[in-house]
Every structure is written in structure tokens, then in C-alpha cells.
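Spelled out from the first residue to the last, the chains are:
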2 protein chains.
Amino acid sequence: MKTDLESIYLDHAAATPMSQRVIAAMQPYFSLDFYNPSSPYAPAIKVRRDYEAAKQAIAQAIGATADELVMTAGATESINLAFGSVSGHVVVPSIEHHAVLAAAKQHSHTTIEPDAHGRISVETVKQALRADTVLVSIALANNELGTIQPLRDIAQLIKETRAKRLADGDTTPLYLHSDASQGVGLLDVNVARLGVDLLTINAAKVYGPKQMGLLWADRHIVLKPQIVGGGQERGYRSGTENVAGTIGFATAMALADKHRKQEAERVGALRDMIEAQLTSAFPEAIVSGHKKHRLPGHLHISWPGIDAERLVFGLEAQGVLVATGSACAANKGTRSHVLTAIGLDDSTADGSLRLSLGALSTPENSKRAAESIIQVVQKEIERIKR
Amino acid sequence: MKTDLESIYLDHAAATPMSQRVIAAMQPYFSLDFYNPSSPYAPAIKVRRDYEAAKQAIAQAIGATADELVMTAGATESINLAFGSVSGHVVVPSIEHHAVLAAAKQHSHTTIEPDAHGRISVETVKQALRADTVLVSIALANNELGTIQPLRDIAQLIKETRAKRLADGDTTPLYLHSDASQGVGLLDVNVARLGVDLLTINAAKVYGPKQMGLLWADRHIVLKPQIVGGGQERGYRSGTENVAGTIGFATAMALADKHRKQEAERVGALRDMIEAQLTSAFPEAIVSGHKKHRLPGHLHISWPGIDAERLVFGLEAQGVLVATGSACAANKGTRSHVLTAIGLDDSTADGSLRLSLGALSTPENSKRAAESIIQVVQKEIERIKR
């Protein structure tokens with residue numbers, strides 16, 4: 001994996017470079033094995049077989065089977081497909097990605113609040129459930145804070161509620177959906193262990209192809225297609241299958257699976273080092289997100305009274321690329337809804353950086369990044385004092 | 001452009017190999033300029049600028065402006081977006097792609113019939129228009145027969161109907177949508193000259209990236225997003241922008257634009273040669289599609305009483321790859337709805353091959369293909385006689 005030699009990339013949560021092995025796996029399907037997988041001749045049938053094998057491999061990586069997957073053009077499409085498949089009341093945390101919030105708004109919905117660390121409690125979910133609630137959607141990990149949610153416990157609540165409904169002769173469905181895009185490369189995303197009914201993953205967050213995602217749905221769930229036509233993906237998503245993208249996705253998932261544990265440790269150690277450096281240089285800095293339940297690559301840190309946008313530009317001049325808040329929303333210039341939800345005051349929210357480490361992070365560039373951040377923040381503090 | 005040396009590809013209407021220049025143009029955005037175009041630092045802003053420039057180039061190639069385009073994951077998504085944006089009665093030919101037929105079924109709709117050559121007359125459209133008709137959708141060229149529709153004349157009818165409605169104080173909208181995917185590399189697709197209000201194009205049919213399409217909508221049309229979230233593509237299609245895909249699409253469109261005329265002539269001459277060889281060897285063979293208004297690469301030919309699937313397999317053994325009917329539908333084994341619509345009897349429909357020539361066609365391999373087809377058909381005729 002290579003990138004601009006000059007820059008230190010600390011924004012893996014916004015985008016990841018495609019792994020060279022992913023690109024190599026996809027390449028043959030661009031101009032050699034380019035056939036339409038629905039064509040009747042042997043080379044096209046081989047393409048179909050490769051496609052199905054890739055889906056099978058992805059399914060295995062999350063503990064599912066291929067016929068429970070719908071390949072999509074990314075997490076946003078997957079989320080819309082999940083929400084579009086239910087009708088009734090939905091429950092979502094206020095700190096979800098814009099895609100989930102926007103999809104929820106198309107339903108009767110309740111927005112639930114996290115604690116100060118960005119964590120959603122089982123109790124909060126429980127209180128929000130209504131008799132007509134059909135879907136609860138909670139990201140595995142928050143994309144700004146890195147806070148990991150107690151999905152298994154929430155899944156348990158959903159299961160119990162469902163069982164109780166059935167015992168009462170109430171057939172109103174109730175599903176738990178999770179967007180696990182932020183966690184895939186670093187956390188276990190086995191659907192059975194998570195206990196979810198629907199799962200969204202984005203290949204672009206895990207060194208896979210961009211414009212590629214999936215929705216996994218437990219086999220008893222009947223989805224409602226958003227895109228109709230030729231009837232591909234079991235009728236749930238028409239359009240010629242994304243062969244190259246799915247094969248790249250499978251390669252990315254296999255790499256993630258293989259290196260997950262050691263990569264989580266490696267990246268976590270680098271993040272801890274940066275965090276230690278920054279909090280030691282600035283005891284007044286505020287680290288947000290859960291201390292224990294946090295993605296190993298995430299560091300959300302605020303300097304109240306400092307303008308984070310100035311920090312981003314100052315750091316960029318030193319070749320350090322970081323984000324203020326989430327990079328996923330096209331509508332910029334607004335204060336992060338996540339930071340407001342965890343109770344950060346405006347001055348603290350506006351002084352926040354999100355660092356997200358990943359495959360491009362090394363001990364050397366992480367150390368250099370910490371030094372640059374200290375220097376740039378120092379300069380900004382001095383500028384304000386003057 | 002290279003492919004399996006052994007095989008002769010005569011199915012360009014089903015899929016095209018990505019041009020090497022398209023792949024080269026996309027490559028930097030896989031792992032080098034991989035940034036999220038919404039990120040705030042300069043390298044990401046450069047990615048955003050490259051993306052916008054590519055959209056601008058694509059827009060120019062069809063005589064539009066970039067802010068009228070919505071980039072999608074392919075023609076099927078574009079078609080669904082167009083149909084999902086209107087509510088009211090829609091009119092579609094019975095010979096449209098499954099995506100259009102399926103999208104139409106979600107509305108009150110009238111299906112109109114073509115003539116024996118697969119052509120839709122202005123009169124037929126006129127008769128189908130109702131007071132509550134809001135959308136007419138007609139492919140520029142039929143994907144099975146290659147028949148090119150009189151879109152400009154139909155556009156004129158739509159314009160007149162619209163003007164008349166307005167004069168009567170009736171504000172019911174009326175739009176003409178066309179899926180031009182089959183025509184892009186070989187026909188003029190300038191939106192003003194075609195006179196359409198909405199246009200779908202699929203990059204994968206024009207040697208561009210797969211899983212990449214666009215919907216152009218005249219600027220006075222308000223679309224209804226199918227996929228909500230971060231608000232990308234002017235809110236009409238959320239999800240991180242497909243930077244590499246759009247850049248590849250722009251390259252493909254530029255190549256198509258540059259070579260369109262000479263490529264149409266070149267491919268047309270090869271098609272005519274194959275057609276002459278086949279009809280001379282088999283005077284009883286039936287060529288379908290319009291004699292004059294037909295895509296230069298298309299040849300639809302039938303041998304009544306012969307099993308086309310046997311021909312496909314026989315030809316494949318000789319390295320010649322052709323289709324029976326359309327390869328776009330996942331549901332196979334059914335008789336083509338297009339051939340039924342133009343009045344081919346079952347025995348003729350079942351004996352049909354679709355040959356579609358394109359960039360991989362050469363005088364040598366076209367000649368060889370014609371010889372192979374003659375041989376395989378001959379053998380099949382003799383087998384039946386026995």
C-alpha cells in the first residue's frame with residue numbers, strides 16, 4: 001500500500017486506500033474476464049462462478065451464507081435497502097451516520113441519546129421500543145468517536161421482545177440492523193455472535209473497492225427491492241452484478257479477517273502513543289469516546305476555544321491529514337450532531353479533531369504526526385493569547 | 001484492448017471490456033488519490049476537483065451541464081431513479097429492457113407495441129398518452145434487435161402535448177426519458193438534439209467501468225432520491241461519490257465521442273459482411289430489426305426450427321461467443337418478450353441469435369465467425385433432418 005510519500009494519513013475512517021492485493025484480484029475482470037455473468041457461454045459462466053465464490057467467501061467471513069447477501073454500491077444503499085424493507089416505527093441513536101438518520105426520517109421514528117461517551121445503553125433502547133416498532137438500527141461503532149456499542153446486549157433485548165410478542169400472539173416483526181462499516185477491519189463482525197438480523201458493510205472502509213457494499217439479511221427476512229429490473233441478487237437489487245467489485249471485496253475481507261487481531265493491537269498501540277503524547281502536552285485537552293469500548297484506531301480530541309479547521313489546514317501544511325468531525329456528510333460547515341449529542345459545548349466541539357489510524361500508520365509517521373499536532377496546536381494557542 | 005486470444009466475442013451488447021485507457025485513468029484513484037472527496041484537506045479537495053471535472057466532461061459529451069447529472073451504479077439504478085421521480089401514468093414500449101418494464105409496473109402504465117421491425121411510431125405513443133400521463137420512456141435503441149427509435153419525432157410530440165396542456169392551464173408534467181445505453185458508442189446522444197428530458201447511460205456498455213451509470217435530468221426536473229443520507233449528488237443520490245468510476249466513465253465517453261463516426265462505419269461494414277455471408281448461405285434465415293434504423297453492430301438472425309441454445313454451445317466450442325436474445329435478464333429459459341412483440345412465432349424466436357459487434361471485432365475474426373456460424377448451423381440443420 002503506498003500513498004503520497006510526503007503526507008501522513010490519519011483519516012482512515014473517511015476513506016482507505018485500496019490494497020494492492022485487492023486491485024490485483026479485480027484487474028482480470030476489467031478487460032479480460034469482462035463478460036456479463038448472465039451470458040450463456042462458458043467464459044461468462046466462469047465469471048458467474050467466480051462471482052458466486054467471492055460472495056460465498058464474504059459470507060463466510062461474517063458467518064453467513066451467500067444467499068443471504070445483497071451486494072450493493074455501498075453502505076448508504078445498504079442502509080436504505082434495510083429501512084425500505086420495513087414499515088412501522090423505527091428506533092435510531094441520534095449519533096448515527098446521516099444515511100441512517102435520513103432513512104429513519106422516512107418512517108415514524110424515535111431518536112435515542114447516548115451517554116457522554118457516545119454509548120447507547122440497552123435500557124435506552126428498551127424505553128424507546130413501542131408496540132409498533134419494527135426496526136432498531138445501531139452502528140457497531142460510531143464513525144466520529146469510535147465508541148463501540150453493546151450490540152450483543154441490545155440484540156438480546158430485541159430477541160426477548162420478539163419472543164414476548166410471539167407469545168402474546170403479536171406477529172409484528174422486530175429487527176436489529178447494524179452498520180458495521182467502521183468496525184470490519186478491527187472488530188469481529190460475525191453476524192451470529194453480534195446477534196443482529198441485518199448487517200451493512202462498506203468495502204471502501206476496509207481497503208476494498210469503493211462503491212461496493214453489502215446488506216446481509218437473516219434468511220427469514222423478506223426485503224423490499226429499491227431497484228427493480230432484471231431480477232439479480234434474488235430480485236432484491238437488479239442490475240448487472242458487480243463482479244470485479246465483489247471479488248475485490250472478498251479479497252479485502254479475507255485480508256481483514258487474517259490480520260484483524262494483530263492489526264487491532266498494532267494500530268491501538270500507535271493510537272495510545274499519540275493520545276499519551278497529546279494529553280501529556282495538553283492536559284486541558286478533552287478526549288471523547290469510550291475509554292474501553294473504542295475502535296483501536298480512533299482518537300477524538302478537543303481543545304476548547306481552538307478553531308479545528310485552522311488546525312486541519314495548519315497540519316496539512318506539515319503533511320498531516322486529519323478530519324474535523326465526520327467527512328461523510330456532503331453538507332459541511334455545520335456542527336457535528338454527534339458531538340452535540342454527547343454534550344460537548346460549542347467551543348469544545350468546534351475545537352475537535354478526529355484522528356483515525358489504519359494500514360498507512362507506522363510508528364515513525366505516528367510519532368511525527370503527534371509532534372506536528374503538538375506544534376500546530378501550540379502555535380494556535382499562542383496566536384489566540386496574543 | 002485484449003481478450004482471450006482463442007475466442008471471438010460477438011456479444012458487445014451484453015458487456016464490453018474496459019478500455020486500457022479507462023483503466024489507466026482510474027488507477028491513480030484506487031490507492032494513491034483515494035481520499036474521500038468530502039474531506040477538508042488539499043489532496044481530498046484535488047480528488048473532489050478531478051471528480052467534478054470528469055462529470056463536466058461527461059456532461060459536455062451529451063450536451064448538458066454537470067449539475068444536471070446524477071452519477072449512479074448503472075443503468076438500472078438510473079431508470080429506477082427516473083421512474084421513482086414521477087407519480088402518474090407512464091407509457092413504455094413492450095420491448096423495453098426489464099428494468100424499464102419493472103419500473104413501469106410500479107405505476108399505472110400503458111404498454112405500447114412496436115411494428116414488425118421493432119420500431120415505435122409517434123402515432124402509437126400519441127394514442128397511449130392520457131391526461132394523467134407524466135412519463136414516456138423509450139430506449140434509444142433496442143438491446144436485442146438494435147432497432148433505433150424515432151426519438152426526435154416522439155420528443156416533438158411530447159413537447160407539443162406539454163405546450164397544449166399549459167395552454168389549457170393544465171400543469172400536469174410530461175417527460176420523455178430514454179435509456180441510451182445501447183447507443184452511446186455508436187450514435188449521437190446529445191440531449192438537446194434527441195429532445196429528451198431525462199437520459200440514462202451505462203458506462204459498462206461503452207468500454208467504461210462496470211457498476212457505473214448516470215441519469216441526466218433537465219434542470220427544471222425535481223428528482224425524488226431513492227437513496228438518502230449524506231446528501232451527495234445534490235441530494236439526489238447519497239453515498240460517497242464514485243470518483244474512480246466517474247473518471248473512467250469520462251475517459252470512455254471521450255473515446256466514444258472521438259471515434260464514434262468511424263467506429264460506427266467500421267463495425268457496420270463488418271456486420272453487413274457477416275449478414276451477407278449468413279443470408280447468402282441460408283436464404284431461409286430471417287433477419288429482424290429495422291433495415292435502415294439499426295445499430296451498426298447489431299445482427300439479429302433466426303433459423304426457424306433450430307434450437308438457438310444448441311447453436312450457442314456449438315459456436316462456443318469453436319470459440320465464437322454469441323447470445324440468444326438478451327443477456328441482461330437474470331431470469332433465463334424464458335422466450336424473449338421482444339421477439340414475441342414483433343410477431344416472431346415460437347419456432348423462429350427459439351432459433352434466434354443476437355450478434356453484436358464492437359471494439360473487439362476485426363475483419364479477420366468477423367470472417368472467421370461467419371464461417372463458424374455457417375458451419376454450426378449447417379450441422380444443426382443436418383442433425384434435425386436425420
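The rules behind the values
- Residues numbered from 1 in each chain as written.
- Chains lettered and ligands numbered in written order.
- Predicted model: local features only at pLDDT ≥ 70, side-chain atom pairs only at ≥ 80, totals over all residues.
- Buried ≥ 20, exposed ≤ 12 C-beta atoms within 10 Å, placed from the backbone.
- Helix = DSSP H or I, 4+ residues; strand = E, 2+ residues; numbered from the N terminus.
- Pairing = 2+ DSSP bridges.
- Least-squares fit on C-alpha atoms with pLDDT ≥ 70 in both.
- Contact = placed C-beta atoms within 7 Å.
- Domains from an automatic or database assignment.
- Nonpolar A, V, L, I, M, F, W, Y, C, P; charged D, E, K, R; others polar.
- Axes fitted to C-alpha atoms, helices over the stretch in contact; angles between N-to-C directions.
- Parallel < 35°, antiparallel > 145°, perpendicular 65-115°, else oblique.
- Left-handed = near helix turned anticlockwise from the far one by under 90°.
- Arc of directions from axis to C-beta.

**Remarks on the pairing of strand β2 (residues 69-72) of chain A**
All names here are of chain A.
Here is step 1 of the chain: Burial along β2 is two-sided: the residues L69 and M71 and V70 and T72 are all buried.
Here is step 2 of the chain: Pairing of β2 with strand β8 (residues 213-217) involves 4 bridges; the strand directions are antiparallel. Residue pairing in the sheet places L69 in a bridge with W216 of β8.

**As for the relation of the copies chain B and chain A**
Here is step 1 of the chain: Mapping chain B onto chain A calls for a screw motion: a turn of 180 degrees about the axis and a shift of 0.0 Å along it, with 0.0 Å RMSD after fitting. The transformation just described matches what one would write down for a two-fold rotation axis. Scanning chain B for the C-alpha nearest the rotation axis identifies B:A73, at a separation of 3.2 Å.
Here is step 2 of the chain: The share of interface residues of chain B whose copies in chain A are also at the interface is 100%, consistent with both copies meeting through the same surface.

**Examining the domain arrangement of chain A**
Residues and elements named next belong to chain A.
Here is step 1 of the chain: As far as domains go, chain A holds domain 1 (8-17 + 260-385) and domain 2 (20-255).
Here is step 2 of the chain: Its C-alpha centre places domain 1 at a distance of 28 Å from the equivalent point of domain 2.
Here is step 3 of the chain: Opposite the 30 residues of domain 1 that make contact, domain 2 presents 26 residues.
Here is step 4 of the chain: Top element by residues in the side of domain 1 that touches domain 2 is helix α9 (residues 243-281). It accounts for 4 residues.
Here is step 5 of the chain: A class-by-class count of the residues in the side of domain 1 that touches domain 2 yields 13 nonpolar, 13 polar and 4 charged.

**Section: the interface of chain B and chain A**
Here is step 1 of the chain: Opposite the 60 residues of chain B that make contact, chain A presents 60 residues.
Here is step 2 of the chain: Looking at the side of chain B that touches chain A, the elements that each hand over two or more residues are α1 (20-26), α2 (28-31), α3 (42-61), α4 (75-84), α5 (98-104), α9 (243-281) and α10 (308-317) of chain B.
Here is step 3 of the chain: When residues in the side of chain B that touches chain A are grouped by element, the largest group, 4 residues, is from α5(B).
Here is step 4 of the chain: Its residues assigned to classes, the side of chain B that touches chain A shows 29 nonpolar, 25 polar and 6 charged.

**Considering the sheet that holds strand β5 (residues 133-137) of chain A**
Strand pairing within a sheet occurs via backbone hydrogen bonds; the two strands may be parallel or antiparallel.
All names here are of chain A.
Here is step 1 of the chain: With mixed pairing, the 7 strands of this open sheet are ordered in space as β2-β8-β7-β6-β5-β3-β4. Edge positions in the sheet fall to β2 and β4 (108-112), since each has one partner strand and no second. The mean angle between the axes of side-by-side strands here comes to 20 degrees, regardless of whether they run parallel or antiparallel.
Here is step 2 of the chain: Relative to the sheet, helix α4 (residues 75-84) contacts β2, β3 (89-93), β5, β6 (175-179), β7 (198-202) and β8, its axis offset from that of β8 by approximately 25 degrees.

**Here's the deal with the sheet that holds strand β5 (residues 133-137) of chain B**
Residues and elements named next belong to chain B.
Here is step 1 of the chain: If you walk across this open sheet you meet the 7 strands as β2-β8-β7-β6-β5-β3-β4, and the pairing is mixed. Whereas interior strands pair on both sides, the edge strands pair on one side only; in this sheet they are β2 (69-72) and β4 (108-112). Neighbour to neighbour, the strand axes of the sheet diverge by 20 degrees on average, direction disregarded.
Here is step 2 of the chain: Here β5 runs beside strand β6 (residues 175-179); their pairing, made up of 3 bridges, is parallel.

**Comments concerning the packing of α9(A) against helix α13 (residues 363-385) of chain A**
Residue and element names in this part refer to chain A.
Here is step 1 of the chain: Two elements in contact, α9 and α13, have axes separated by 10 Å at closest approach and are oriented at 20 degrees. When the axes of α9 and α13 are compared, the pair comes out roughly parallel. You can see that α9 and α13 cross each other, and the crossing is right-handed. Facing α9, whose interface residues are L270, M273, I274, Q277, L278 and A281, α13 presents P363, S366, A369, A370, I373 and I374.

**Looking at helix α10 (residues 308-317) of chain A**
Two residues of an α-helix separated by three or four positions point the same way, owing to the 3.6 residues in each turn.
All names here are of chain A.
Here is step 1 of the chain: Taken as a whole, α10 has its buried residues at A308, L311, V312 and L315. Take α10 and look down its axis: the buried residues cluster within an arc of 100 degrees, on one side only.
Here is step 2 of the chain: Buried positions along α10 lie against β11 (320-321), β12 (352-356) and α13.
Here is step 3 of the chain: A positive backbone phi angle near 80 degrees is found at G319, which sits one or two residues after α10.

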